[in-house]
Amino acid sequence: MYAVEVSELRKEFTHRKARRRERTTALAGVSFAVARGECIAILGQNGSGKSTLVRLLSTLLLVDGGSARVFGHDVAREARAVRRLVNRVSVEASFFKRMSARENLSYAARFYGLGPAATRERVPRILERVGFPLERDSAPMEDLSRGMQQKVALARALLTAPTLLLLDEPTTGLDPRSKREVQAFIQEVRRTHDTTVLLCTHDLVEAEQLADRVGILDRGRLLALEPAPDLRRRYAAPTLEEAFMVATGRALEDDEPDEEAA
Amino acid sequence: MRAVAGGVRLQGIALLGVVERNTYLVKRYGFWELAFFAWTVANTLTIVFIAKGVEATGGQLDVERQTTILLIGAVLWSYLGIVFEIITETVAWERWEGTIEYTFMAPLSRAVHLLGMGLFAVLYGVLRTAALFLVVAIFFGLEMPDANFTAALVLLAVASVSFVGIGMITAVLPLISPEKGAQLGFMAQGFLLVVSGVYYPVSVLPDWMQALSVISPATYALEGIRAAVLDGAGLGAVWGDLWPLLVLGAVAVPVGLATFRAGERYAKRHGKLKRSG
């Protein structure tokens, strides 16, 4: 059984433009599979459909066509079973900003059925593992740096021991040191846990370092998904960046219109 | 069987998690809670003074009784405000902070999520309005020697089921529009109380408003609580108010849940849950 099995997955959004409703295709029939324990990275520009893919797999969007299964569970029909297996870290570390890291993690743990004793034991342990200074665990999140907030976001995702970890640009906007720490932690999680990782990024080095296979998502279409050396060979490019440019005709930094503009 | 027990345990812990989260939020905004309480006391005083004002301008009335009638109306107004505000504003708040995606990704059921907020709202609302009642009653020197507070609390508890159900309905709009949606809670509070005889008997309302009062749980809560506090009516005596509240509660919660779920489906279809990214 695959950890993730996506077949002809489609998602469209409608938005108003000068009194007319227009449809934007965020995902146009994406298919791929991820083996248990594997880490795949999806490269794509802003608006390419990466976040939509992550949101569909985490049951935050409804599928318009095709199917997506997580460990055999259909994301549309067996959403609650999927939710027990999945957690996510996104580019924005979303928290109640006046609440502390410990408080945010504590209630989040309850949502996954962790009792008070297990939470008391696990929260400081996981915060320590992600390199969060425990003396700051009672400080409001708004007083923490973005790097620290992102570490708490990682801790929140790992607190529930997900078998599928969805990372949607987890290091975007972080300073180089925080970025390295977060990447090292992702590698550690892969080494020590039975966790499958789907990483969406536009950091080519990060993709190459962390992932077993790298995919290129362009305007809602998955153009390729293979090990980085194979990808470079396929597009006869010396670097992943050039492979991306050959595949899409554009640089990774160029933006597409927001895929979920609605 | 074990899977079912595990599922029930998870939902039970998650329910407490929702209560825990809202407790943290109140704690973190403790100063504001005190400020709002002071404002509620001032607001309630302006209403309750009306009885003395009418007497001072030559009106003939039992000031003590009328003051208590107005106080109960003002306290229920405040209670409804807290219940609707907590349920509706928490959803709006979650949308602002972006945490709603993480709540919706978690395996807690929507019923547990919403009922958890409702449970916290009722517990916190009862504490706040009990304090308000006490402060204003002491201020006016109200004695209420015949009051049956147990019956009044039972009525409030049963009415709260309906209020939570209506709160679930009002929580839909901030899910779609966090900027303005939370205002719906205030609108629901106003509409509900104006037809329910908050400071006057329902009989003074126009016929069409009286018809609406029949389906408002606040009508029965106000009538029953006033009978319990002013005349010492027991549960048997207020049964005429209690059974409609039971019926309305049994209808309001499923309707509230269905409405919220429909809103959630709409938001998930159109990508309305995200704040950024």
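This text goes with the structure placed above it.
Residues numbered from 1 in each chain as written. Chains lettered and ligands numbered in written order. Predicted model: local features only at pLDDT ≥ 70, side-chain atom pairs only at ≥ 80, totals over all residues.

Description of the overall build of chain A
Counting its secondary structure elements, chain A contains 9 helices and 10 strands. Computed over its C-alpha atoms, the radius of gyration of chain A comes to 18 Å, within 12% of the 18 Å expected for a compact globule of 262 residues. Expressed along its principal axes, the backbone C-alpha trace of chain A runs to roughly 50 × 45 × 45 Å. When each of the 262 residues of chain A is scored for burial, the buried share is 49%. (Helix = DSSP H or I, 4+ residues; strand = E, 2+ residues; numbered from the N terminus. Rg over C-alpha atoms; globule rule 2.2 N^0.38 Å. Buried ≥ 20, exposed ≤ 12 C-beta atoms within 10 Å, placed from the backbone.)

Some points on the nonpolar core
Counting 157 residues, the largest nonpolar core has A:Leu57, A:Ala155, B:Leu76, B:Leu80, B:Val83, B:Leu155 and B:Ala221 as its most contacted members. It is helix α3 (residues 63-97) of chain B that contributes the most residues to this core, 17 residues altogether. If we skip the residues at most four places from it in the chain, B:Ala221 touches B:Leu76, B:Leu155, B:Leu156, B:Ala159 and B:Leu245. (Core = buried A, V, L, I, M, F, W, Y, C linked by C-beta atoms within 7 Å. Contact = placed C-beta atoms within 7 Å.)

Side note on the interface of chain B and chain A
Residue-level contacts link 34 residues of chain B with 35 residues of chain A. Mapped onto the side of chain B that touches chain A, the elements with two or more residues apiece are α1 (2-28), α4 (100-105) and α11 (239-270) of chain B. Ranked by residues supplied to the side of chain B that touches chain A, first place goes to α1(B) with 11 residues. Of the residues that constitute the side of chain B that touches chain A, the class distribution is 14 nonpolar, 8 polar and 12 charged. (Nonpolar A, V, L, I, M, F, W, Y, C, P; charged D, E, K, R; others polar.)

Here we look at the pairing of strand β2 (residues 20-34) of chain A
Residues and elements named next belong to chain A. Bridge analysis of strand β1 (residues 4-17) against β2 gives 12 bridges, and the strand direction is antiparallel. Residue pairing across strands places Val6 opposite Phe32, the latter belonging to β2. Linking β1 back to β2 in an antiparallel pair, the connection comprises 2 residues, with Ala18 at a positive phi of about 50 degrees. (Pairing = 2+ DSSP bridges.)

With respect to the sheet that holds β2(A)
Residue and element names in this part refer to chain A. Strand order in the open sheet made by the 4 strands is β2-β1-β4-β5, with antiparallel pairing throughout. Edge positions in the sheet fall to β2 and β5 (73-74), since each has one partner strand and no second. Looking at chain direction, β1 and strand β4 (residues 65-70) are connected through 5 bridges and run antiparallel. Paired with Val6 across the strands is Ala68, a residue of β4.

Topic: the environment of A:Thr171
Residue and element names in this part refer to chain A. With respect to the element layout, Thr171 can be found in the loop between β7 (164-168) and α6 (176-192). A sequence separation of 10 residues divides Thr171 from Glu181, and the C-alpha atoms of the two residues are 9.6 Å apart. Discounting residues that sit within four places of it in the chain, Thr171 has contacts with Lys179, Val182, Gln183, Asp203 and Glu206.

Digging into the packing of helix α10 (residues 217-231) of chain B against α11(B)
Residue and element names in this part refer to chain B. Relative orientation of the contacting elements α10 and α11 amounts to 150 degrees, with a least axis distance of 9 Å. Taken as axis vectors, α10 and α11 run roughly antiparallel relative to one another. Considering the relative orientation of α10 and α11, their crossing is left-handed. Residues Pro217, Tyr220, Ala221, Glu223 and Gly224 of α10 lie in contact with α11, whose contacting residues are Asp241, Leu242, Pro244, Leu245 and Leu248. (Axes fitted to C-alpha atoms, helices over the stretch in contact; angles between N-to-C directions. Parallel < 35°, antiparallel > 145°, perpendicular 65-115°, else oblique. Left-handed = near helix turned anticlockwise from the far one by under 90°.)

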